[in-house]
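One-letter residues, chain by chain:
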Amino acid sequence: MNLAALQQTAEMFLFLATELTLLFLIISYGVGVLQEYIPPAKIQSILGAKKGKGYVMAALLGAITPFCSCSTIPFLKGLLRAKAGFGTMMVFLFASPLLNPIIIGLFLVTFGWQVTLFYFAVAMGVSLFAGIILERLGFERFIKPEALEAAKPSCCGSSCGGNSKPISKWVKIWRATWKDFKTVLPYLAAGVALGSLIYGFLPAEWVASVASKDNPFAVPVSAVIGIPLYIRAEAVIPLSAALAAKGMSLGAVMALIIGSAGASLTEVILLKSIFKNQLVAAFLVVIIAMAISAGYLYGWLF
């Protein structure tokens, strides 16, 4: 057994489990606080599916929130419960991890402004188009009913009952957050475990070899390979630059970045707690199609 790979897997598991747990709890609690002060009607008016500007607002909201693919999920649940428009919610889901400010900044430093502008335009354009199309095709029906229900804080100790002392709204928000976390914990653990195994045992040299410039299928292969990888925004660009130096085509690099940043395996498993299989499949189709089209288009333009 490769002890180095096993050690990398264990380290990545501990890192991801800790990071994603903290991110989920912090973001979920933050969303709960926002919902306490911003009524659902206000969110509906900002991200109203009936207004064209709602889609653009959702994409811009995604662009300014430094979320990775997994930390987008608790915010998404908040949008669902605030009854934001389905199309605008999906635009946010697609745009947030892909237009992460950290990714954009690293893109600019590593590949220059032309490549960065190309990436931004593709990610923004496809996110808007996919959100509108999925809404018009009626994919809203594939949201699990329980995902639309507000998490109700459980009664603990003397917090419930006729004569008990009322608990503060901050404690209520925390209990709702914790209940949400317990719901997604099995999905989170499974996703982190699988992602860590792939990270530890999938060599970068192999990725570069199957996605080399000589392989006509390098772009779709890279797009698909990117899905199982959970790569942080801070690591996806440097890793891609290293793969390019090992012989990976730049179009394939673009596809890998979109695949890994837009739909990690961990995120897909987490989405299963919110979406039915049909909507999860549609989400994957959009990300893979975006990655492949961007890869080929990049190779043709540059």
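What you are looking at is a predicted structure, and each value in this text was computed from that prediction instead of being measured. (Residues numbered from 1 in each chain as written. Predicted model: local features only at pLDDT ≥ 70, side-chain atom pairs only at ≥ 80, totals over all residues. Heavy atoms only, no water.)

Description of the overall build of the protein
Stage number 1. When helices and strands are counted, the protein shows 14 helices and zero strands.
Stage number 2. When the helices and strands of the protein are listed from N to C terminus, the series reads α-α-α-α-α-α-α-α-α-α-α-α-α-α.
Stage number 3. Taken over 302 residues, the protein has a buried fraction of 48%.
Stage number 4. Accessible surface, the protein: about 14,100 Å² in total, of which carbon and sulfur atoms supply 69%. (Helix = DSSP H or I, 4+ residues; strand = E, 2+ residues; numbered from the N terminus. Buried < 20%, exposed > 50% of the residue type's maximum accessible area, 1.4 Å probe, protein only. Areas by Shrake-Rupley, 256 points an atom, 1.4 Å probe, with all protein chains shown as cover.)

Re the UniProt feature "transmembrane region" (unreviewed entry) in the protein
Stage number 1. Per the UniProt record, "transmembrane region" (unreviewed entry) is annotated on residues 12-34, 54-76, 88-111, 117-134, 184-202, 248-270 and 279-301.
Stage number 2. A helix fraction of 100% and a strand fraction of 0% characterise residues 12-34, whose end C-alpha atoms lie 32 Å from each other.
Stage number 3. Across residues 248-270, helical content stands at 83% and strand content at 0%; the span's end C-alpha atoms are separated by 30 Å. (UniProt positions renumbered as here; feature names shortened; annotations may be inferred.)

Considerations on the packing of aromatic side chains
Each pair of aromatic rings is reported with the distance of its centres and the angle of its planes.
Stage number 1. The tally for this structure, following the rule as stated, stands at six aromatic pairs.
Stage number 2. Judged by centre distance (5.4 Å) and plane angle (10 degrees), the ring pair of F94 and F283 falls under stacked. Within this pair, whereas F94 is found in helix α5 (residues 86-98), its partner F283 is found in helix α14 (residues 277-301), the two being separated by 189 residues in sequence. This pair shows no difference in class: F94 is buried, exactly as F283 is. (Phe/Tyr/Trp six-rings, centres within 6.5 Å; stacked < 30°, edge-to-face > 60°.)

Considering the nonpolar core
Stage number 1. Counting 78 residues, the largest nonpolar core has M89, M90, Y119, M254 and F275 as its most contacted members.
Stage number 2. When residues in this core are grouped by element, the largest group, 10 residues, is from α14.
Stage number 3. With sequence-adjacent residues up to four places away left out, Y119 is seen in contact with L98, I103, I104, F107, M254, I257 and I258. (Core = buried A, V, L, I, M, F, W, Y, C linked by side-chain atoms within 4.5 Å. Contact = heavy atoms within 4.5 Å.)

Some points on the environment of R81
Stage number 1. Mapped onto the elements of the fold, R81 is located in helix α4 (residues 72-81).
Stage number 2. Residue R81 is classed as buried on the basis of its relative accessible area, which comes to 18%.
Stage number 3. Between the C-alpha atoms of R81 and L148, which are 67 residues apart in sequence, the distance is 5.1 Å.

A closer look at the packing of helix α10 (residues 218-226) against α14
Stage number 1. One can describe the packing of α10 onto α14 by two numbers: an axis separation of 9 Å at closest approach and a directional angle of 145 degrees. Classified by chirality, the crossing of α14 by α10 is right-handed. Between α10 and α14, the contacting residues are V219, P220 and A223 on the first element and I288, A291, I292, G295 and Y296 on the second. (Axes fitted to C-alpha atoms, helices over the stretch in contact; angles between N-to-C directions. Left-handed = near helix turned anticlockwise from the far one by under 90°.)

Concerning the environment of V210
Stage number 1. Here V210 shows up in helix α9 (residues 204-210).
Stage number 2. Along the sequence, V210 and V221 sit 11 residues apart, while their C-alpha atoms lie 7.5 Å from each other.
Stage number 3. For V210, the contacting residues outside a window of four places in its chain are N215, A218, V221 and I225.

Considering a nonpolar patch on the surface
Stage number 1. On the surface, a cluster of nonpolar side chains totalling about 390 Å² of accessible area is made up of L3, L6, L197 and F201.
Stage number 2. By relative accessible area, L6 is classed as partly exposed at 38%. (Patch = residues over 30% accessible without salt bridge, like charges linked within 9 Å, V, L, I, M, F, W, Y side chains within 5 Å. Salt bridge = Lys/Arg side-chain N within 4 Å of Asp/Glu carboxyl O.)

Concerning the environment of F217
Stage number 1. Counting through the fold element by element, F217 comes out in the loop between α9 and α10.
Stage number 2. The class for F217 is exposed, based on a relative accessible area of 55%.
Stage number 3. For the pair F217 and I292, spaced 75 residues apart in the sequence, the C-alpha separation amounts to 9.9 Å.

Structural notes on the packing of α4 against α5
Between two packed helices, what matters for the description is the angle formed by their axes and the separation of those axes.
Stage number 1. Relative orientation of the contacting elements α4 and α5 amounts to 165 degrees, with a least axis distance of 10 Å. Compared by their axis directions, α4 and α5 come out roughly antiparallel. Between α4 and α5 lies a crossing whose hand is right-handed. Contact residues: T72, F75, L76, L79 and L80 in α4; M89, F92, L93, S96 and P97 in α5.
Stage number 2. When the residues that make up the contact of α4 with α5 are grouped by side-chain class, the tally is eight nonpolar, two polar and no charged. (Parallel < 35°, antiparallel > 145°, perpendicular 65-115°, else oblique. Nonpolar A, V, L, I, M, F, W, Y, C, P; charged D, E, K, R; others polar.)

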